[in-house]
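Results of the structural survey
Chain by chain, the residues:
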Amino acid sequence: MFKVALVCGARPNFMKIAPVLAAIGKSGRITPYLVHTGQHYDEKMSQSFFDVLRIPRPDVDLGVGSGSHAEQTAKIMVEFEKVCLREKPLMVVVVGDVNSTLACAIVAKKLWIPVAHVEAGLRSGDMRMPEEINRIVTDSISDLFFTTEPEGNENLLRFGADKDRVHFVGNVMIDSLLQNREAAEKIPVLEEMEVESGKYCLVTMHRPSNVDDPEVLGPLLDVFAKIQEKIKIVFPAHPRTMSMIGKFGFSDKIKKMTRVRFCEPLDYHRTLKLNAHSRFVMTDSGGLQEETTALGIPCLTIRENTERPVTVTIGTNEVVGSSPEKILLAVDRILAGSWKKGGMPEGWDGKASERIVSILESFLGKAR
Ligand code: UD1
């Protein structure tokens, strides 16, 4: 048996690690050691995902919590180093692009433990995004790369990765989506939110570039106020967004929007069902850009760029930025029924995790 440490820490990691762990369980040749860094710790940002996705209890929770990027990354590194020295995994698997991904990849590599990166090669080209720095650093020291779209492979090869180590496997997040679609359908979340299928828009927004600056956040909330006159909005808000709205004195703007259902972060099944039944989604999340493409739901990405271009070239996504005019024009196009249909990107077939596990086994077998 090969002992492999798998790392998760923040909300978008959980739906990526769940299907990989399940595939490892089926294969029987790898002993997983699950590490939760504790980057996200609220019930609604962490435990609810473990419950709904049936992720086993982590073998260790580093409990690092929030802090500046340096503090958070450093704390994870100090604690994860102890875990590696004690548990001696043969490999460390990291997913996505959060601070936990970067911190654990660096620690493992410096201890000469091979690193596998799931969702490697994505690039937004925007170095003001902390995630972009995390991706570049993680990819520059990883030993095995699992990519979700062809452009990921191109980016890695351009950065000098060994092509035999780059594997286009598809998208583990879509594995989770397909595995949970039926169960999600049973949750009465439309009733809970008082909306009808196809008659509301789902909004999520938490990126520092959108919520940390009142000059950006204020006008975006004003656009939502206009959109809710045309269609109801469901807006589950990240803790960061909630706190910025309070800090900038925007709570009144929210109270005035009577057709916006503003709520706390929702669990995985509720979000999935709300996404699948929405008329369209407005978001700055990476994951929702992919999930809307997989579900064929129109998506407006409230950012200036995307690291997931296949969602635009093949899927239902359009990058509209944060300009109120552009957002309103795009919403009108959707409501008029003239949005592209979109197709399913290659390899988004629910089997990405199986492919990953078989490549991991063969890598570990050769390394012995
Ligand atoms: C992180 C990821 C981002 C991902 C997002 C999804 C990085 C660099 N960013 O951003 O890629 O899209 O998660 O949620 O890793 N907070 C809580 N409770 C929690 C967690 C956070 O209240 O359980 C609050 C704290 O005030 C904290 C702030 O949210 O300071 C930001 O949390 P942090 O983990 O630093 O980054 P996110 O913005 O969540």
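Presented here is an overview of the structure given in this document.

What counts as what
- Residues numbered from 1 in each chain as written.
- Predicted model: local features only at pLDDT ≥ 70, side-chain atom pairs only at ≥ 80, totals over all residues.
- Heavy atoms only, no water.
- Disulfide = S-S within 2.5 Å.
- Buried < 20%, exposed > 50% of the residue type's maximum accessible area, 1.4 Å probe, protein only.
- Pairing = 2+ DSSP bridges.
- Helix = DSSP H or I, 4+ residues; strand = E, 2+ residues; numbered from the N terminus.
- Axes fitted to C-alpha atoms, helices over the stretch in contact; angles between N-to-C directions.
- Near = heavy atom within 4 Å.
- Polar contact = N/O pair within 3.5 Å; in protein donor to acceptor, adjacent residues only side chain to side chain.
- Areas by Shrake-Rupley, 256 points an atom, 1.4 Å probe, with all protein chains shown as cover.
- Nonpolar A, V, L, I, M, F, W, Y, C, P; charged D, E, K, R; others polar.
- Contact = heavy atoms within 4.5 Å.
- Phe/Tyr/Trp six-rings, centres within 6.5 Å; stacked < 30°, edge-to-face > 60°.
- Lys NZ or Arg CZ within 6 Å of the ring centre and 35° of its normal.
- Right-handed = clockwise from strand over helix to strand, strands pointing away.

**Regarding the state of the cysteines**
Counted by the stated rule, this structure contains zero disulfides. Left unpaired, Cys-201 is separated from the closest cysteine sulfur, that of Cys-299, by 9.8 Å. Just so you know, Cys-263 is unpaired, no disulfide at all, and the nearest cysteine sulfur is the one on Cys-201, 13 Å from it. Given a relative accessible area of 14%, Cys-263 falls into the buried group.

**Some thoughts on the sheet that holds strand β13 (residues 317-319)**
Read across the sheet, six strands follow the order β10-β9-β8-β11-β12-β13 without closing on themselves; strand pairing throughout is parallel. With one partner strand each, in any of the chains shown, β10 (260-263) and β13 form the two edges of the open sheet. Put simply, the sheet's adjacent strands are angled 20° from each other on average, direction ignored. With four bridges connecting them, strand β9 (residues 232-236) and β10 associate as parallel partners. Bridging from a neighbouring strand, Ile-233 pairs with Val-260 of β10.

**Some remarks on the site of the ligand**
The full set close to the ligand counts 21 residues, and Gln-39, His-40, Glu-131, His-206 and His-238 are the nearest of them. The contact in question runs from an oxygen atom of the ligand to an N or O atom on the backbone of Tyr-41, over 2.9 Å. In this structure, an oxygen atom belonging to the ligand sits 2.9 Å away from a main-chain N or O atom of Asn-99. Taking 740 Å² as the accessible area of the ligand by itself, protein coverage stands at 85%. Those elements that place two or more of their residues in the shell around the ligand are α1 (11-27), α3 (69-87), α5 (130-141) and α11 (239-247). Here the element with the most residues in the shell around the ligand is α5; it accounts for three residues. Each residue belonging to the shell around the ligand can be placed in one class, and the counts come to six nonpolar, nine polar and six charged.

**Side note on the sheet that holds strand β3 (residues 60-61)**
As summarised here, the arrangement of the seven strands in space is β3-β2-β1-β4-β5-β6-β7, forming an open sheet in which the pairing is parallel. Lying at the two open borders of the sheet, with one neighbouring strand each, are β3 and β7 (166-168). Those strands touched by α1 are β1 (2-8), β2 (30-36) and β4 (91-95), and its axis lies near 165° from that of β1. Across the face of the sheet, helix α17 (residues 352-367) comes into contact with β1, β2, β4, β5 (115-118), β6 (144-147) and β7 while running at roughly 170° to β6.

**Let's talk about the packing of aromatic side chains**
According to the stated counting rule, one finds five aromatic pairs in the structure shown. Relative to Phe-49, the ring of Phe-14 has its centre 6.3 Å away and its plane inclined at 40°; by these criteria the two rings are tilted. A residue pair is termed long-range when its members are at least 10 positions apart, and Phe-14 in helix α1 and Phe-49 in helix α2 (residues 43-52) qualify at 35 residues. For Phe-49, a relative accessible area of 3% gives the class buried. Aromatic rings pair up to connect Phe-14, Phe-49 and Phe-50 into one cluster. The side chain of Arg-123 reaches across the aromatic face of Phe-159, ending 4.9 Å from its centre.

**Details of the pairing of β2**
For β2, the buried fraction is high: five of the seven residues fall into the buried class. Where β1 meets β2, seven bridges bridge the pair, whose relative direction is parallel. Paired with Ala-5 across the strands is Tyr-33, a residue of β2. Handedness of the crossover joining β1 and β2 through α1: right-handed. The pairing of β2 with β3 spans two bridges and is classified as parallel. Bridge pairing in β3 places Val-35 opposite Val-60. Running through α2, the crossover from β2 to the neighbouring parallel element β3 is right-handed.

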